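Letter by letter, the chains look like this.
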Amino acid sequence: MNHTATFVEAVVGVLTGNRFPVPLHEPSFSQREHQLLHDCLDSGFVSSVGEYVDQFEHELATYLGAKHVVAVVNGTAALHIALQLAGVEAGDEVLIPSLSFVATANAVSYCNAIPHFVDSDPASLGIELDQLQSYLSEILQREGDHWVNKTTGRRVVAIVPMHTFGHAGDMDGLLALAERFNLKVVEDAAEALGSRYKGRALGSLGTIGAISFNGNKIITSGGGGAIVTDDPDLAARAKHLTTTAKLAHRWEIAHDEVGYNYRLPNLNAALGCAQLESLDQFIADKSQLAARYRAAFKDLPGVRFVEDVGESEGNHWLNAVVLDESIYVLDEVLSALHDAGILARPAWTLLHSLPMYESCPRMKLEQAERLSRQLICLPSSAFLIGGAADA
Ligand SMILES: *Cc1c(COP(=O)(O)O)cnc(C)c1O
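Residues numbered from 1 in each chain as written. Predicted model: local features only at pLDDT ≥ 70, side-chain atom pairs only at ≥ 80, totals over all residues. Heavy atoms only, no water.

Below, the discussion takes up the overall build of the chain. A tally of helices and strands in the chain yields 12 helices and 16 strands. What you see for the chain is a C-alpha radius of gyration of 21 Å, in line with the 21 Å of a compact globule of 391 residues. When its C-alpha atoms are laid out on the principal axes, the chain stretches across 70 × 60 × 35 Å. In the chain, which comprises 391 residues, the share counted as buried stands at 53%. The long-range fraction of contacts in the chain, counting pairs at least 24 apart against all pairs at least 6 apart in sequence, stands at 72%. Accessible surface computed for the chain: about 16700 Å², of which carbon and sulfur atoms make up 50%. (Helix = DSSP H or I, 4+ residues; strand = E, 2+ residues; numbered from the N terminus. Rg over C-alpha atoms; globule rule 2.2 N^0.38 Å. Buried < 20%, exposed > 50% of the residue type's maximum accessible area, 1.4 Å probe, protein only. Contact = heavy atoms within 4.5 Å. Areas by Shrake-Rupley, 256 points an atom, 1.4 Å probe, with all protein chains shown as cover.)

Here's what the structure looks like:
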């Protein structure tokens, strides 16, 4: 049997007992979701006012060990406002990994700022720091409080670590680098709810963080997102900006700046509250699924299962492998997986290759380019362990 067939057989073995085709990721719901959604409907408060939003924000803050959480309509909106609050202004540059979902770059664009693409670390899939450090030393020069890109003349004001598939990179290293170049750290923790670095929740390590509750994430509120910060002023600003910048008054309807209608509806918050109760169970189940993949790939040549590195403890949101390109051809493997009813996916098309971002500044992106030729995401829904025979 050739290597591709052996790999596909190993994946099928992990997922045996489940209904095929097996999608990449689907949510799990229990009676609790029905209960809270019913209660929300019965309350009459399904939209922009209601107690579930407060409850969701409060419970998330407790879970994350963060002082403030502001719930919003989606993760992209959370990132947009997080960047704005971190001080990103029109014409600034923001360092983001090219290996990310398009929302990371789009949120920068919504601030009329410019993504500046950085490379990825093949082990953690987070931002690569060694090359970045020398790259920044070369291209930046200090002007007053800020560092300016010598080539473009623009301020470089923030860096966005994206915790790929729930894994954290070297966050201490990243925070140190950010301090050296006076960069605000805006965490794109969209995929990383429940992940930890040195015991602390991802999303709560930088100046401000963003989380997503889209339907494909580890928990879902249908659509939704959260802004996370310990800074009370930033939290108040986040709430103000995401609720149309309306001034508090018993009857007057007045606004003091251009705000956004980004508030999470109460109905979505009710679903989020129910899902949050299951988060730890989802992580436990996903950790079992990851263990099965790990065991199945152990002796396969040229297959590296993506693991947590250093002191990071991921949420196992999405299982991924890196396939040695001298042994495997990515499209052949994906095609064989799909033929076998396994709806695996490659990594995102690198952001600097998308038409709207291809002229943005960037460092050498060798690792990201290589990863994009080698990375495959495998079905990872929490319920998949139920179908599989115990190993
Ligand atoms: C899902 C995701 C987002 C955006 O979240 P939405 O809720 O879909 O807007 C942003 N960044 C990354 C890395 C994501 O995976």
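What follows picks up the thread again.
Another point: the layout of surface pockets. Left-over empty space is what a probe sized like a water molecule reveals as it rolls over the atoms. When its volume is computed, the largest pocket comes out at roughly 550 Å³. Surrounding the largest pocket, 28 residues form its lining, Phe101, Asn216, Lys217, Trp317 and Trp348 being those nearest its centre. Secondary structure elements with two or more residues in the lining of the largest pocket: helix 4 (75–85), helix 5 (102–110) and strand 15 (345–346). A breakdown of the residues in the lining of the largest pocket according to their chemical character gives 14 nonpolar, 9 polar and 5 charged. (1 Å grid on protein atoms, 1.4 Å probe; cavity = no way out; pocket = protein on both sides within 12 Å on 5 of 7 lines; lining within 4 Å. Points joined across faces, edges and corners; volume = space filled by probe spheres on them. Nonpolar A, V, L, I, M, F, W, Y, C, P; charged D, E, K, R; others polar.)

Attention now moves to the packing of aromatic side chains. In the structure shown here, the tally under the stated rule is 10 aromatic pairs. Measuring from centroid to centroid gives 5.0 Å for Tyr260 and Tyr262, while their planes differ by 20°, and the two rings are stacked. Take Tyr262: its relative accessible area is 16%, and that puts it in the buried class. Taken together, Phe7, Tyr293, Phe297, Phe305 and Tyr328 form an aromatic cluster joined through their ring pairs. (Phe/Tyr/Trp six-rings, centres within 6.5 Å; stacked < 30°, edge-to-face > 60°.)

Another aspect to go through is empty space enclosed by the protein. Counting across every chain of the model gives 2 cavities of 30 Å³ or more. Volume-wise, the largest cavity comes out at about 60 Å³. Around the largest cavity sit Gly126, Ile127, Leu129, Pro161, Met162, His163, Gly169, Asp170, Met171 and Leu174, which together line it. Of the residues belonging to the lining of the largest cavity, the class tally is 6 nonpolar, 3 polar and 1 charged.

If you check the shell around the ligand, you find 15 residues, and the closest are Gly75, Thr76, Glu191, Ser212 and Lys217. Note that an oxygen atom of the ligand is positioned 2.5 Å from one of the side-chain N or O atoms of Thr76. Bound to the protein, the ligand loses 92% of the 380 Å² it would expose on its own. Here the ligand is seated within the largest pocket. Listing elements by their share of the shell around the ligand, those giving two or more residues are helix 4 and helix 5. Split into classes, the residues belonging to the shell around the ligand amount to 4 nonpolar, 8 polar and 3 charged. (Near = heavy atom within 4 Å. Polar contact = N/O pair within 3.5 Å; in protein donor to acceptor, adjacent residues only side chain to side chain. Sits in = over half its atoms within 2 Å of the grid points.)

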